[in-house]
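Architecture and fold: a report
The residues making up each chain are set out below.
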Amino acid sequence: MSNLLETLTNASSYGNTGIQTTSFESTEIIGAILVPKAWRINNTYLGTLGASLKSNMQADTRKAIGLRIFPISGFGAITDGSQEAKFQTFGYGARKFALDKKYDFTFDLLEGGISLINAMRAFNKADYDVLFWNSDNVLLCTKTGVTADERKGFSVNNIFVDGWKPADGTNATGHKITFSMSMAATKEMNENLGYIACDFDIATQIKGCINVLASSLHTASTTKMYIGLTTNEGSVDLVTLYGSSITKAGAIILKNADGSVNTPSGVAAGATYGGLEITGTFVTSTNMTFQLETPTALAALSPAIGAEPENGLESNILTVAIP
Amino acid sequence: MSFEVIHISDLFATVVQRMRPTGTILSIVKIGTTNNYTVTSTLPNVVKSGEFSLRANDYVDLLNVSGVLIKSYQVVLVTSNSFVITDASLPIGTTWRSQAPYYEHGHVLEVANTLISKNDDASLKYQKYPLVVLIQDMKEDIGKKTHDYSNPNMTIFIATLTDATYKAEKRKTDNFTPILYPLYKKLLNEIHYSRLFCTFSPKLIEHTKFDRYYWGKEGEFANSKNIFNDWLDAIEISGLILKVKSQNNLIKNQIH
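Rules used throughout
- Residues numbered from 1 in each chain as written.
- Chains lettered and ligands numbered in written order.
- Predicted model: local features only at pLDDT ≥ 70, side-chain atom pairs only at ≥ 80, totals over all residues.
- Helix = DSSP H or I, 4+ residues; strand = E, 2+ residues; numbered from the N terminus.
- Rg over C-alpha atoms; globule rule 2.2 N^0.38 Å.
- Buried ≥ 20, exposed ≤ 12 C-beta atoms within 10 Å, placed from the backbone.
- Contact = placed C-beta atoms within 7 Å.
- Nonpolar A, V, L, I, M, F, W, Y, C, P; charged D, E, K, R; others polar.
- Domains from an automatic or database assignment.
- Pairing = 2+ DSSP bridges.
- Axes fitted to C-alpha atoms, helices over the stretch in contact; angles between N-to-C directions.
- Parallel < 35°, antiparallel > 145°, perpendicular 65-115°, else oblique.
- Left-handed = near helix turned anticlockwise from the far one by under 90°.
- pLDDT = per-residue confidence, 0-100.
- Core = buried A, V, L, I, M, F, W, Y, C linked by C-beta atoms within 7 Å.
- Expected span 1.5 Å × (residues − 1).

For the rest of this paragraph, the subject is the overall build of chain B. Per the secondary structure count, chain B includes three helices and 16 strands. Over its C-alpha atoms chain B spans a radius of gyration of 20 Å, differing by no more than 12% from the 18 Å that the globule rule assigns to 256 residues. Taken along the three principal axes of its C-alpha coordinates, chain B extends 65 × 65 × 35 Å. Looking at chain B as a whole, 30% of its 256 residues qualify as buried. Looking at chain B alone, contacts between residues at least 24 apart form 65% of all its contacts between residues at least 6 apart.

All right, on to the interface of chain B and chain A then. Chain B puts 18 residues into the contact, and the matching count from chain A is 29 residues. Here the side of chain B that touches chain A is built from residues that sort into seven nonpolar, eight polar and three charged.

For chain B, the domain assignment lists domain 1 (8-13 + 102-245) and domain 2 (21-98). Within the side of domain 1 of chain B that touches domain 2 of chain B, the residues separate by chemical class into three nonpolar, one polar and one charged.

So, about the sheet that holds strand 6 (residues 104-109) of chain A. Residue and element names in this part refer to chain A. Pairing within the open sheet is antiparallel, and its four strands lie in the order 3-6-11-10. The open sheet is flanked by strand 3 (75-80) and strand 10 (156-161), the only strands paired with a single partner. Across this sheet, the average inter-strand angle for adjacent strands is 20 degrees, counted without regard to direction. In this structure, strand 10 lies alongside strand 11 (residues 176-181), joined through five bridges in antiparallel fashion. Opposite Phe160, over in strand 11, you have Thr178 as the bridge partner.

It is worth spelling out the packing of helix 1 (residues 8-19) of chain B against helix 3 (residues 168-193) of chain B at this point. Residue and element names in this part refer to chain B. Contact geometry of helix 1 with helix 3 gives a least axis separation of 9 Å together with a crossing angle of 125 degrees. Here helix 1 is positioned oblique relative to helix 3, judged by the angle of their axes. Between helix 1 and helix 3 the crossing geometry is right-handed. On helix 3, the residues that touch Val15, Arg18 and Met19 of helix 1 are Leu183, Lys186, Leu187, Glu190 and Ile191. Looking at the contact of helix 1 with helix 3 residue by residue, the classes come out as five nonpolar, no polar and three charged.

Our next topic: the domain arrangement of chain A. A common way to express how large an interface is: the accessible area buried when the components associate. Residues and elements named next belong to chain A. For chain A, the assigned domains are domain 1 (26-205) and domain 2 (210-322). With seven residues of domain 1 in contact, the opposing surface of domain 2 contributes seven residues. Of the residues in the side of domain 1 that touches domain 2, the class split is no nonpolar, five polar and two charged.

What follows covers the confidence of the model for chain A. Residues at a pLDDT of 70 or more form 96% of chain A, whose mean pLDDT is 91. Put simply, helix 1 (residues 4-9) of chain A is where chain A has its lowest mean pLDDT, 64, and strand 9 (residues 151-152) of chain A is where it has its highest, 97.

Peptide bonds are trans in most cases, and residues, glycine excluded, mostly fall at negative phi. Geometrically, the link from Glu308(A) to Pro309(A) is a cis peptide bond, its omega value of 5 degrees lying close to zero. The residue Pro309(A) is located in the loop between helix 8 (295-300) and strand 20 (313-315) in this model. Looking along the chain, the bond that leaves Ala100(B) and enters Pro101(B) is cis, with omega of 0 degrees. Note on placement: Pro101(B) falls in the loop between strand 7 (95-98) and strand 8 (102-106). In this structure, Leu49(A) takes a positive phi of about 55 degrees despite not being glycine. Within the secondary structure, Leu49(A) is located in the loop between helix 2 (43-46) and helix 3 (53-60). The phi torsion at Ser285(A) lies on the positive side, around 60 degrees, for a residue other than glycine. For Ser285(A), the position within the fold is in the loop between strand 18 (276-279) and strand 19 (286-292).

Residues and elements named next belong to chain A. Summarising the element assignment, Lys207 is placed in the loop between helix 6 (202-205) and strand 13 (210-218). On the neighbour-count criterion, Lys207 (18 C-beta atoms within 10 Å) is partly exposed. For the pair Lys207 and Glu308, spaced 101 residues apart in sequence, the C-alpha to C-alpha distance is 8.2 Å. Aside from chain neighbours lying at most four places away, what touches Lys207 is Thr61, Pro71, Pro309 and Asn311.

Right, let's talk about the pairing of strand 17 (residues 266-269) of chain A for a bit. Residue and element names in this part refer to chain A. Two elements, strand 17 and strand 18, share four bridges in a ladder whose sense is antiparallel. Residue pairing in the sheet places Ala269 in a bridge with Leu276 of strand 18. A loop of six residues connects strand 17 with strand 18, the two strands running antiparallel in sequence, and Gly274 in this loop sits at a positive phi of about 75 degrees.

Before going further, it helps to spend a moment on the nonpolar core. Nonpolar side chains in soluble globular proteins tend to be buried together. Counting 42 residues, the largest nonpolar core has Ile33(A), Val130(A), Leu131(A), Trp133(A), Leu139(A) and Leu140(A) as its most contacted members. Top element by residues in this core is strand 1 (residues 29-35) of chain A. It accounts for five residues. Phe157(B), Ala159(B), Leu196(B) and Ile227(B) belong to the second largest nonpolar core, which has 36 residues in total.

Okay, helix 1 of chain B next. Taking 1.5 Å per residue, twelve residues should reach 16 Å; helix 1 of chain B reaches 17 Å between its end C-alpha atoms and fits that length. Contact partners of the buried residues in helix 1 of chain B: strand 8, strand 9 (131-135), helix 3 and strand 16 (244-245) of chain B.

So this is what it looks like as structure tokens:
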């Protein structure tokens, strides 16, 4: 038995139970943001009256890997597979608390299809924290305790994106993502729960980057290179979409075989093969690489490409053989 | 705890407000020696392909940095990223917002009377369409779930002016394709993204859609008698059962 006086005066052994007019209760979780373990949000990140919250989050979706955050929207249902708290029952019938609840959530994804599933299966091996947001656009996070205003993502043991389940005539094709939260997350999601009620729609304002497929449209030469740039499973041609905004040296990164940057003398819309027609001096019998500029650099172009609230764009690194 | 009262008509006023084309003003430049001014907008463009956009003769509001109305203008001309307005002195504003689509709610007869009263005003008579109408009264089941305020069953019309002599194909190309269908799509999007209702995707908002080519009182072989005393084409959305969420009054953009 604990000492009566110690219990009553211990600041951590009570909580005031009055019900206030405004209280926080979370509605359905409809999205998540995977954030690096070191990602933090605080009053500096929010800016005065939260003025920079949206722009900072949008910028974070385009940053280099390691700093980038990955929003996933369109959760249509939750299967709560959480393990309830465990109690040990003793021989005389008394019960004693043994193990705290452990959260485990599986969400059905409504949008993105198999393309998104395939991209996200890479997270099965990665180590990220997670923020959730609910249908009131409230971002759920946890207090770090380092400073009063510092928040981070919840700790996750496992992010698992299952393979897709075929449509069966009654159910549409199934896409699911599971977050098996860590033991630490139980405290993070309860005693240390933090939240930010956003004044913008997270799903439409904070979007993940989309893949751009860079491909060779025709055999290159020592002076010419022909590159196709498409998204949406090849249905959207970026050169047609962005025109002169993308037909410029500042929108691409061209490298020689030794990794040094090759600055082209001209970048134009391809008259014969479509896509980009890049003119420059390319060394014969070498393999050069082509890629679009980084999502951050593309969004900073004028006119911008893939700037908020649109998705950022990131291409593959294409090897171009110079005959 | 205070008892929560939510007016569905107010929620739809917010939804329709979000449907109105809007943009940030880049510059306002006088055209020669005329009283016309070109208002150039930053992206997204004034005219967006496949979406309901600002059109010539529409009314547009110029707003200050706080979103407060400075002055309204009738648009003379529209290009992809600018529009032209007329004023005796230099117009000012940081953002613009189209007045259309307009919004009314109530009994059909009451809405009709409101629209008729606008006809007496020289400018208001051009500030009626396209129109989103929320038909009242509606039943609301309350108290079924903690997070839900009610589950109203609603009927909404999206209507725009037409001509009695138009044939169906002309109505499709002039009204349904450029105006009514984009507004219908936008309405479903904003019902979802406003987060005022519990929905999971614009595509999964269950309702019955009814294209009304010349919307009037139904006769045996054709519609007759105008509903709002104007010739209208419309889309009727009925059986729209939405779960209205209880509203929180959490302080926005602040760390808790």
